[in-house]
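Examination of the molecular architecture
Residue-level listing of the chains:
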Amino acid sequence: MSRILVTELDNSLPGSAREERPVRGHSLVVGYHRPPMHWNGAVWQPPASPNGILPTLTSAFTDGLPGVWVAALAGGDRRATGPHPTELPLSLVPLSSAEWTGYFHRACKETLWPVLMSEPERSVFAGQAWHDFRTVNARFAEHISTEAAPGATVWLHDYNLWLVPGLLRTARPDLRTGLFHHTPFPSPEVFATLPVAAELRASLTCLDWAGFHTGVFADRFRRTLADADGQDEADGPDGPDEPLRIEAPRIEVPRIEVHPLGIDRGAVERLAAGRTTRRRPAGTHLVLSVERLDYAKAPVQKVDAIDHLLTRRPDLRGKLSFRLVCPPPEPGITAYDTTRRRLEQRVAEVNASWAERSWQPIDYLPRSLSGSRVIEEYLAADVLWVTSLQDGMNLTAKEFVAAQAAHPRHGARGPGVLVLSRHAGAATELGPAALLTDPHSPGDLSSVLARALALTPAERRTRMAALAGLLGHERPADWANRIVHAIGQCGPPRQVGGHARRAEPTMGGC
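Residues numbered from 1 in each chain as written. Predicted model: local features only at pLDDT ≥ 70, side-chain atom pairs only at ≥ 80, totals over all residues. Heavy atoms only, no water.

1. Thoughts on the sheet that holds strand 15 (residues 417-421)
- The strand order across the open sheet formed by six strands is 13-12-11-14-15-16, and the pairing between neighbours is parallel. The outermost strands of the open sheet, each flanked by one partner alone, are strand 13 (362-365) and strand 16 (435-437). Across the sheet, the mean angle separating the axes of adjacent strands is 20 degrees when strand polarity is ignored.
- Two elements, strand 12 (residues 320-325) and strand 13, share four bridges in a ladder whose sense is parallel. If you follow Phe 322 over to strand 13, its bridge partner there is Ile 362.
- Against the sheet, helix 10 (residues 299-312) engages strand 11 (285-290), strand 12, strand 13 and strand 14 (383-386), with an angle of about 175 degrees to strand 12. (Pairing = 2+ DSSP bridges. Helix = DSSP H or I, 4+ residues; strand = E, 2+ residues; numbered from the N terminus. Axes fitted to C-alpha atoms, helices over the stretch in contact; angles between N-to-C directions. Contact = heavy atoms within 4.5 Å.)

Here is the structure:
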């Protein structure tokens, strides 16, 4: 087992007494709150439910992306700096379990996530949790500043580090800082419902560059920052006190670009090419969903739609199976508890209503599957059913297409069909060849699924061939290098009269 390149900042002492550590001279520092492996208190393990960012960054660094990856070490166990099953260049920020809970479980998942999903009525604000969010962002900013060489490029990922840009602008005005949003971005009106909207805007305007999967999300971000002057007022008596002080003056909106993320298509194709598909009786249908437990993925709505479809289509009774692979979130996250309970209830009710002999319509798997097993599920499915109420991209849809296109031996059935939410970022690219559905409409969910099941083998082949062409072959490393280059091209701020000020913008918008 090899050792990982790990550095660690000593946060156990007050700032004035903290050990002075030499700048490591990294020209690129990548900031994401999670490392690529999970420390279980004894050994490092692959994450139980890896999201799209982790394999993307892992692939990019493996393929030669220079620099260092700054991530949190939840629990602060210093044994985690021992042997690791990877050569990735990690620099860990130790956090206590309480800090991680307040920061991630509460502030990220209960306060910010509902607003990103355009469901602000679900958002819960707690002063202590937001204090933890500020603390963790400050730790990240300090750690990144320590790792970054003069004039370095800093590439942040997602909303979890929204306060870092402002802190870096104050502490290290020489850095070029970009942030890629893998999530949706809400409208300015929804963003403004956050009690901390002004504090977040003040930090986000300190970015040099911001990236998104779609033009819709990019435009919402642009309008949110452009509207800041008219909306940002001091927090009222019900808002948070003592916000982080960002001393840099208000600057122009950062350069904003759209860079949709792809998958490691070659890796998926290699996994799919050597596998044989499972045989099923003629006339039967397998509908598949592979998604983490999250109300934004609309799992309960899908179960309701299956119930509705079986009522309308008695010919599908005993022949339709819906396999819902839905691993739970990490322990401690309670934001999805209501969704989990309602999902389990509806699965039990629908199965009890329609079960016949050895058949029941819903096969609910509340656990993670290995990568090879997921590929097998993709190949076996007649339909991949993606019904996100909001989704930054949805790489599952792209993996399904890559697997199906790499395994043309589909027999008389033809290849699988992609049913894709109109509100997923992937619909911007794959929409012309997928069947688009609106998960906000129960009737549309069931009718579009019925249409997918009724497609002829020839129609399936035509759609899959078109999807495979739309998917492209760009590697995650190529995507990452394009973005790092774009951030690096932005003009760095310079010191003028003791204050950080951005250099004059170029024709590219920096």
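Back to the write-up after that little detour.
2. What to know about the pattern of salt bridges
- Applying the stated criterion across every chain yields a total of 29 salt bridges.
- Residues Glu 99 and Arg 139 are paired through a salt bridge, measuring 2.9 Å at the closest nitrogen-oxygen approach. With Glu 99 in helix 2 (residues 97-116) and Arg 139 in helix 3 (residues 127-147), this residue pair connects regions lying 40 residues apart in the sequence. You'll find Glu 99 and Arg 139 in the same group, each marked buried.
- Between Arg 373 and Glu 377 there is a salt bridge whose closest N-O contact spans 2.9 Å. Residue Arg 373 and its partner Glu 377 are both found in helix 12 (residues 371-380); the two are separated by four residues, about one turn of the helix.
- Its relative accessible area of 28% is what places Arg 373 among the partly exposed residues.
- Through salt bridges with shared partners, a single network forms among Asp 304, Asp 307, Arg 346 and Glu 349. (Salt bridge = Lys/Arg side-chain N within 4 Å of Asp/Glu carboxyl O. Buried < 20%, exposed > 50% of the residue type's maximum accessible area, 1.4 Å probe, protein only.)

3. Here's the deal with the nonpolar core
- The biggest cluster of nonpolar side chains holds 88 residues, and the ones touching the most others in it are Trp 162, Leu 200, Phe 221, Leu 343 and Trp 385.
- Broken down by element, the residue count for this core peaks at nine residues, all from helix 2.
- Those residues in contact with Phe 221 that lie beyond four places of it in its chain are His 181, Phe 185, Leu 204, Leu 207, Ala 210, Phe 212, Pro 254 and Ile 256.
- In this structure, Leu 54, Leu 57, Val 374 and Ile 375 belong to the second largest nonpolar core, which totals 62 residues. (Core = buried A, V, L, I, M, F, W, Y, C linked by side-chain atoms within 4.5 Å.)

4. Overview of the side chain of Glu 291
- You can see Glu 291 is positioned in the loop between strand 11 and helix 10.
- Of the polar contacts made by the side chain of Glu 291, one reaches the side chain of Lys 302; its length is 2.8 Å.
- Apart from residues lying up to four places away in sequence, Glu 291 is in contact with Lys 297, Pro 299, Lys 302, Leu 324, Val 325, Cys 326 and Pro 327. (Polar contact = N/O pair within 3.5 Å; in protein donor to acceptor, adjacent residues only side chain to side chain.)

5. Some thoughts on the packing of aromatic side chains
- Within this structure, the stated rule accounts for 19 aromatic pairs.
- Centroid distance Phe 125 to Trp 130: 6.3 Å. Interplanar angle 45 degrees. Geometry classified as tilted.
- Owing to a relative accessible area of 25%, Phe 125 belongs among the partly exposed residues under this scheme.
- The exposure class of Trp 130 is buried, given its relative accessible area of 1%.
- The interplanar angle of 50 degrees and the centroid separation of 5.6 Å between the aromatic rings of Trp 155 and Trp 479 together place this pair among those described as tilted. With Trp 155 in strand 7 (residues 148-157) and Trp 479 in helix 17 (residues 476-488), this pair connects stretches of sequence that are 324 residues apart.
- Taking relative accessible area as the criterion, Trp 479 reaches 1% and is therefore assigned buried.
- One residue, Lys 109, lies across the ring of Trp 113, its end atom 4.2 Å from the ring centre.
- Positioned above the aromatic ring of Tyr 295, the side-chain terminus of Arg 122 is 3.9 Å from the ring centre. (Phe/Tyr/Trp six-rings, centres within 6.5 Å; stacked < 30°, edge-to-face > 60°. Lys NZ or Arg CZ within 6 Å of the ring centre and 35° of its normal.)

6. Notes on the confidence of the model for the protein chain
- Residue-level pLDDT values for the protein chain average 86, and 83% of them are 70 or greater.
- A low-confidence stretch, residues 1-23 stays under pLDDT 50, and its non-local contacts, those more than four residues away or across chains, total 59 contacts.
- Segment residues 233-239: pLDDT under 50, and three contacts once partners within four positions in sequence are set aside and those in other chains are kept. (pLDDT = per-residue confidence, 0-100.)

7. Here's the deal with the packing of helix 1 (residues 53-62) against helix 17
- Closest axis-to-axis distance for the helix 1/helix 17 pair is 8 Å, and the angle between their directions is 85 degrees. As the angle between them shows, helix 1 and helix 17 are arranged roughly perpendicular. Residues Thr 56, Ser 59 and Ala 60 of helix 1 pack against Pro 476, Ala 477, Trp 479 and Ala 480 of helix 17.
- By residue class, the composition of the contact of helix 1 with helix 17 is five nonpolar, two polar and no charged. (Parallel < 35°, antiparallel > 145°, perpendicular 65-115°, else oblique. Nonpolar A, V, L, I, M, F, W, Y, C, P; charged D, E, K, R; others polar.)

8. Side note on helix 6 (residues 197-204)
- By the criterion of burial, helix 6 is predominantly enclosed, with seven of the eight residues buried.
- All buried positions along helix 6 are accounted for by Ala 197, Ala 198, Glu 199, Leu 200, Arg 201, Ser 203 and Leu 204.

9. Description of the packing of helix 10 against helix 11 (residues 337-354)
- Two elements in contact, helix 10 and helix 11, have axes whose closest approach is 9 Å; the angle formed by their N-to-C orientations is 15 degrees. It follows from the interaxial angle that helix 10 and helix 11 lie roughly parallel. For the element pair helix 10 and helix 11, the recorded crossing hand is left-handed. Of helix 11, the residues touching helix 10 (which contributes Pro 299, Val 300, Val 303, Asp 304, Asp 307, Leu 310 and Thr 311) are Thr 339, Arg 342, Leu 343, Arg 346, Val 347, Val 350 and Trp 354. (Left-handed = near helix turned anticlockwise from the far one by under 90°.)

10. Comments concerning the environment of Val 401
- Residue position: Val 401 is located in helix 13 (residues 395-405).
- Among the residues examined, Val 401 registers a relative accessible area of 0% and is labelled buried.
- Along the chain, Val 401 and Val 417 lie 16 residues apart, while their C-alpha atoms are 8.8 Å from each other.

11. A word on the pairing of strand 7
- Taking burial as the measure, the 10 residues of strand 7 include eight buried ones, the bulk of the element.
- Inspection of the sheet shows strand 2 (residues 26-31) paired to strand 7 by five bridges, in the parallel sense. Paired with Gly 31 across the strands is Leu 156, a residue of strand 7.

12. A word on unusual backbone geometry
- Phi at Arg 357 takes a positive value of approximately 50 degrees, unusual for a residue other than glycine.
- Of note, Arg 357 is situated in the loop between helix 11 and strand 13.
- In this structure, Asn 394 is a non-glycine residue whose phi angle is positive, near 90 degrees.
- Within the secondary structure layout, Asn 394 lies in the loop between strand 14 and helix 13.

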